[in-house]
Amino acid sequence: MNIKRNGITSSSLLCCLLFSALPATAANVMFGENENQILISAGQSIRNDIKDPKTENLYIASLSYGIPTNYFGAQGRFNFEAGVFQGKNARDNQSVGSPGYPKTTDLEQYNLGYAGFSQDIAIIRFGGFYTSLGLGAYMKTKATNRIGTAFTFGEKAALGYNFGPVAVEAYIRHFSNAGLSEQNSGQNFYGAAVAYNF
């Protein structure tokens, strides 16, 4: 099912964005002179609204392989990613949520695996520092009451520093299905990543 906005479907827009990236021909701030990257990341779920954010005992861990790209002249990274959500049930007084966000202490119901691909673009670069924005498409092992489809989109914003053979990032990311189902409160994480460039 595609969501149509101004004559453009969500799937055609995603394909255009992800596959318009070209292989990089010069040094890339995320990779340096290297052409491959292995990135390991971990994070924690954050719920509620922006004025009163709360964490919960739901975690994300992932492993990615990335290659440098040139996205309409902007340095970037194309990623193949696999990961897991892992929850630990909470006590009644630890549940978080707000209207539109299912409030629960049963966080183990969100245990799942996922795999997919994404494109990150370096927006600001200064020396080894960079900020990036990313968009991806993923398949999860199951649907949940937060994201009612196994297919999901992912968005990510990161702040990173490349030391050469190693890079580090702090990130926030969001998963949702762009309204493909009524259950689409989404899932948000913040976390950190370390990458090995080779």
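Residues numbered from 1 in each chain as written. Predicted model: local features only at pLDDT ≥ 70, side-chain atom pairs only at ≥ 80, totals over all residues. Heavy atoms only, no water.

Side note on the overall build of the protein chain
- For the protein chain, the count of helices and strands is one helix and 13 strands.
- Sequence-ordered secondary structure for the protein chain, helices as α and strands as β, is β-β-α-β-β-β-β-β-β-β-β-β-β-β.
- By the burial criterion, 47% of the 198 residues in the protein chain qualify as buried.
- Of the roughly 10100 Å² that the protein chain leaves accessible, carbon and sulfur atoms contribute 62%. (Helix = DSSP H or I, 4+ residues; strand = E, 2+ residues; numbered from the N terminus. Buried < 20%, exposed > 50% of the residue type's maximum accessible area, 1.4 Å probe, protein only. Areas by Shrake-Rupley, 256 points an atom, 1.4 Å probe, with all protein chains shown as cover.)

Regarding a nonpolar patch on the surface
- A surface patch of nonpolar side chains, amounting to about 790 Å² of accessible area, comprises Ile38, Ile40, Leu63, Phe163, Val166, Val168, Val194, Tyr196 and Phe198.
- Mapped onto the elements of the fold, Val168 is located in strand 12 (residues 166–176).
- Take Val168: its relative accessible area is 35%, and that puts it in the partly exposed class. (Patch = residues over 30% accessible without salt bridge, like charges linked within 9 Å, V, L, I, M, F, W, Y side chains within 5 Å. Salt bridge = Lys/Arg side-chain N within 4 Å of Asp/Glu carboxyl O.)

Looking at the pairing of strand 6 (residues 74–87)
- Most of strand 6 sits inside the fold, with 10 of its 14 residues counted as buried.
- As paired strands, strand 5 (residues 54–71) and strand 6 are joined by 14 bridges and run antiparallel to one another. What sits directly across from Tyr59, in strand 6, is Gln86.
- Between the end of strand 5 and the start of strand 6, which pair antiparallel, lie two residues, with Phe72 showing a positive phi angle near 50°. (Pairing = 2+ DSSP bridges.)

Observations regarding the pattern of salt bridges
- One pass over the full model with this rule turns up five salt bridges.
- Across the salt bridge formed by Arg146 and Glu56, the nearest N and O atoms sit 2.7 Å from each other. In this pair, Arg146 sits in the loop between strand 10 (129–140) and strand 11 (151–162) while Glu56 sits in strand 5, placing the two residues 90 residues apart along the sequence.
- The salt bridge involving Asp120 is made with Arg77; its shortest N-O contact spans 2.9 Å. Of this pair, Asp120 sits in strand 9 (residues 112–126) while Arg77 sits in strand 6, placing them 43 residues apart in sequence. Here the two residues Asp120 and Arg77 agree in accessibility, since each one is buried.
- Salt bridges sharing common partners tie together Arg77, Asp120, Lys156 and Glu169.

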